[in-house]
Structures are given as structure tokens and as C-alpha cells.
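This is what each chain is made of:
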Amino acid sequence: MAKPIDPLTGAFRLGTDLTLADIWTGLHIDAQMWQRSAFAADTLRQRASIDDNTKSLLTALAPCPATRWQAFIEAQGVTQIGAIALSWCADVELSTVADLFLREISCPADIDKRAAQRLNPALLPSTRSLSELAASAQSDIKTLVLMCLGQATPITFDVSGAWLQDLPAIVGAILLERYDPAVSQLDPNILSTWRAAA
């Protein structure tokens, strides 16, 4: 009897089992399950298990060229978790991830915070100083926003009030996510403007 032909012959695989479609589907199922788990009696346990699975799918992308995953998600339709997954691929630029992640964002409420915090930490500077983050982002606002959102820890707002006032209000509203008055003090007028845009 002839050996059966593997129907996935020719597909790009990561390891022996996963295709890019498997990873994309798994990440989006995890995201849906994570939201539904909010209503479960054992929410924390379920979410920990879901996040473990998400992490294993993301780390599986390490050998995948960034250009291949980007082409795949552009064909599928770019979602926020799909864009963040790009950060785990080989030879990726953080600015490309930021452009894709923020492509459809018109207000801070549109940001998937869970997805943002799945950003590959290897791409993030170790500093939480806003001036140093801005320098690392080479003044690219989208990259700066993603750097700020990628870690849940507070940011030190060590820049001038004039610099902050020049930021678009939506960026300020996003930066509020990382504002802690115990770490930094912001001008009340700036805070008011940012809160109005949130």
C-alpha cells in the first residue's frame, strides 16, 4: 500500500507540527478564551493556563522570518495580537510592529492591552525613563507608544512640560496608562487634557 501523502507538504512549518495558520488561529482562540474566562469561577487559573499557551505559540515564531509572518498577517487582516506576534519573529524592527499594532487605533479604548503586554521583552529598552524611551524610539511616536504599553510598570516623566504639551492628546491619553503620581508629577493642565482624550 502506498504511503499516504502529507497534505501539508510544501507548507512552511515551525518545528514538526505548527504552520503559521496554526499559530495565528491559536493566538486568536486564546484571546477569545481569555475574555470569556472573566466570567469563570476560577478566572485566575484559567487565564494563567491560556497565557502559558499564548507564550508557547509566540516563542515558536522565533525562527520565522519577520517578512514571512508580516506577509501572512497582511493577507489575513492585521489584528493587534497578530501584530504583536511579529515581535517574536527573526530580524524584526520594533517600528514595524508599532505601525501594524496601531494601524486601526483611533482612541485609547481601541487598544488591546493584553496583546500589547505580549510584546517580546527582548525588543524593549530596560529603562522606564520617558526621555530615554523617546531617544530609543528615535522620536517615532508609534514606537514610543508601544514601548510604553509593552510593560505595565510606571514611567518616569523626566521630560519638559513643553515636550509633553506638544504630544498629540491621544498619545498623552495612552501615556496615562503608565502614569503613577508616586513616581512622577505632571502638570494638572496636561493631565486634564490627556484625561479628556482617554
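Quantities reported herein were computed from a predicted structural model and do not represent experimental measurements.

1. Focus on the overall build of the protein chain
Okay, step 1: Helix and strand counts for the protein chain stand at eleven helices and two strands.
Okay, step 2: Taking the principal axes of the C-alpha coordinates as reference, the protein chain spans close to 80 × 40 × 30 Å.
Okay, step 3: When each of the 198 residues of the protein chain is scored for burial, the buried share is 42%.
Okay, step 4: A separation threshold of at least 6 residues defines the contact pool for the protein chain, and within that pool the share at least 24 residues apart is 66%.
Okay, step 5: Surface exposure of the protein chain reaches about 10,500 Å², of which carbon and sulfur atoms provide 54%.
Okay, step 6: Averaging the locations of the 15 positively and 21 negatively charged side chains of the protein chain gives two centres separated by 7 Å.

2. Some words on the nonpolar core
Okay, step 1: By size, the foremost hydrophobic cluster in this structure holds 56 residues, and its most contacted members are L61, W69, F101, F157 and W194.
Okay, step 2: A total of six residues in this core trace back to one element, the largest contributor, which is helix α8 (residues 141–149).
Okay, step 3: When sequence neighbours within four positions are dropped, the list of residues in contact with L61 reads L14, L20, I23, W69, A85, W88, C89 and A90.

3. Quick look at the packing of aromatic side chains
Centre-to-centre distance and the angle between the planes together describe a pair of aromatic rings.
Okay, step 1: Applying the stated criterion across every chain, the model contains three aromatic pairs.
Okay, step 2: Considering the side-chain rings of F157 and W194, the 6.1 Å spacing of their centres and the 45° angle between planes classify their relative orientation as tilted. Here F157 is found in the loop between α8 and α9 (161–166), whereas its partner W194 is found in helix α11 (residues 188–197), with 37 residues between them in sequence. When sorted by exposure, F157 lands in the same class as W194, which is buried.
Okay, step 3: Ring pairing ties together the aromatic residues F157, Y179 and W194, which thus form one cluster.
Okay, step 4: Lying over the aromatic face of W34, R47 brings its terminal NZ or CZ to 3.6 Å of the ring centre.

4. Observations concerning the packing of helix α1 (residues 20–36) against helix α2 (residues 43–59)
Okay, step 1: Running from N to C, α1 and α2 cross one another at 160°; their axes reach a closest spacing of 10 Å. Put simply, α1 runs roughly antiparallel to α2. Between α1 and α2 lies a crossing whose hand is left-handed. Along the contact surface, α1 presents I23, G26, L27, D30, M33, W34 and Q35, while α2 presents R47, I50, D51, N53, T54, L57 and L58.
Okay, step 2: A class-by-class count of the residues in the contact of α1 with α2 yields seven nonpolar, four polar and three charged.

5. Brief notes about the pattern of salt bridges
Okay, step 1: On inspection of all chains with the given rule, the structure shows five salt bridges.
Okay, step 2: The partner of D51 in a salt bridge is R118, and the shortest N-O contact between them spans 3.0 Å. Here R118 lies in the loop between α6 (113–116) and α7 (130–136) and D51 lies in helix α2, a separation of 67 residues in the sequence.
Okay, step 3: When its relative accessible area of 22% is taken as the criterion, D51 is described as partly exposed.
Okay, step 4: Note that E74 and R103 form a salt bridge whose closest N and O atoms lie 3.0 Å from each other. Within this pair, whereas E74 is found in helix α3 (residues 66–76), its partner R103 is found in the loop between α5 (94–101) and α6, the two being separated by 29 residues in sequence.

6. Some remarks on the side chain of T54
Okay, step 1: Within the element layout of this structure, T54 appears in helix α2.
Okay, step 2: The buried category is assigned to T54, whose relative accessible area is 1%.
Okay, step 3: A distance of 2.8 Å separates a polar atom in the side chain of T54 from a polar atom in the side chain of D30.
Okay, step 4: With sequence-adjacent residues up to four places away left out, T54 is seen in contact with L27, D30, R114 and R118.

Quick notes on the rules
- Residues numbered from 1 in each chain as written.
- Predicted model: local features only at pLDDT ≥ 70, side-chain atom pairs only at ≥ 80, totals over all residues.
- Heavy atoms only, no water.
- Helix = DSSP H or I, 4+ residues; strand = E, 2+ residues; numbered from the N terminus.
- Buried < 20%, exposed > 50% of the residue type's maximum accessible area, 1.4 Å probe, protein only.
- Contact = heavy atoms within 4.5 Å.
- Areas by Shrake-Rupley, 256 points an atom, 1.4 Å probe, with all protein chains shown as cover.
- Lys, Arg positive; Asp, Glu negative; His and termini not counted.
- Charge placed at Lys NZ, Arg CZ, Asp CG, Glu CD.
- Core = buried A, V, L, I, M, F, W, Y, C linked by side-chain atoms within 4.5 Å.
- Phe/Tyr/Trp six-rings, centres within 6.5 Å; stacked < 30°, edge-to-face > 60°.
- Lys NZ or Arg CZ within 6 Å of the ring centre and 35° of its normal.
- Axes fitted to C-alpha atoms, helices over the stretch in contact; angles between N-to-C directions.
- Parallel < 35°, antiparallel > 145°, perpendicular 65-115°, else oblique.
- Left-handed = near helix turned anticlockwise from the far one by under 90°.
- Nonpolar A, V, L, I, M, F, W, Y, C, P; charged D, E, K, R; others polar.
- Salt bridge = Lys/Arg side-chain N within 4 Å of Asp/Glu carboxyl O.
- Polar contact = N/O pair within 3.5 Å; in protein donor to acceptor, adjacent residues only side chain to side chain.

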